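# Secondary and tertiary structure notes
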Amino acid sequence: MNTEQITAADIIDWNSLGDIVASFEKRGLEPRPSMGAQNERLLGIGNDEYIVIIEAKPDESADDYQPESTSRHTHIVASEGYDRFTFVSRIRSWEEQKRGNVKYQQMSFEKDALRQGLENEAEVLRNINAIQYQSSTPPFERVRQGSKRALTYVRNLI
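For the structure given in this document, a descriptive report is provided here. Note that the structure is predicted; figures quoted are calculated from it, not measured.

### Notes on the packing of aromatic side chains
Under the definition given, this model contains four aromatic pairs. Among the aromatic residues, those joined into a cluster by ring pairs are Trp 14, Phe 24, Phe 85, Phe 87 and Phe 109.

### Quick look at the pairing of strand β4 (residues 74-79)
Across the six residues of β4, six count as buried, placing the element largely inside the fold. Of the two faces of β4, the one lined by Thr 74, Ile 76 and Ala 78 and the one lined by His 75, Val 77 and Ser 79 are each fully buried. Bridging between strand β3 (residues 49-55) and β4 involves five bridges; their strand directions are parallel. Bridging from a neighbouring strand, Glu 55 pairs with Ala 78 of β4.

### Thoughts on unusual backbone geometry
Even without being glycine, Glu 80 reaches a positive phi, approximately 55°. Relative to the elements of secondary structure, Glu 80 occurs in the loop between β4 and β5 (84-92). For Glu 80, a relative accessible area of 54% puts it in the exposed group. One non-glycine residue, Tyr 82, lies in the positive phi region at around 65°. Following the sequence through the fold, Tyr 82 ends up in the loop between β4 and β5.

Criteria and cut-off values
- Residues numbered from 1 in each chain as written.
- Predicted model: local features only at pLDDT ≥ 70, side-chain atom pairs only at ≥ 80, totals over all residues.
- Heavy atoms only, no water.
- Phe/Tyr/Trp six-rings, centres within 6.5 Å; stacked < 30°, edge-to-face > 60°.
- Buried < 20%, exposed > 50% of the residue type's maximum accessible area, 1.4 Å probe, protein only.
- Helix = DSSP H or I, 4+ residues; strand = E, 2+ residues; numbered from the N terminus.
- Pairing = 2+ DSSP bridges.

This is how it looks when you write it as structure tokens:
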């Protein structure tokens, strides 16, 4: 599948859930318009797995939207009027594997930082562009499969 990169200019133009969905369609993700709540859009990443894009209410933060489902393991939370974006991924703890403890990884950035040439802009874009159809399994799955790229992905999200 041929995919395009999401650019800083794309992100600067994110002013609605539809704008974010359109950017991730370039990465090969498939919109699921019939699924999700009013303030959510779902993107299929393969085999009944989804990324959920959420518009946070004014009094809520990304911490209010931690993924609880293994099929919806990553949330992209737009907050502060589409000026702040937080990627929240659900992972299973290696230390507590038998108990089923769940941990969350977050990566946040602000739109203004991209407008001003954020010093880690390349890292942010690399993490975003790592998400594509049938390759965005939860980071813990990629680590279990022994992928060096997955280890880098997990480290970058922490």
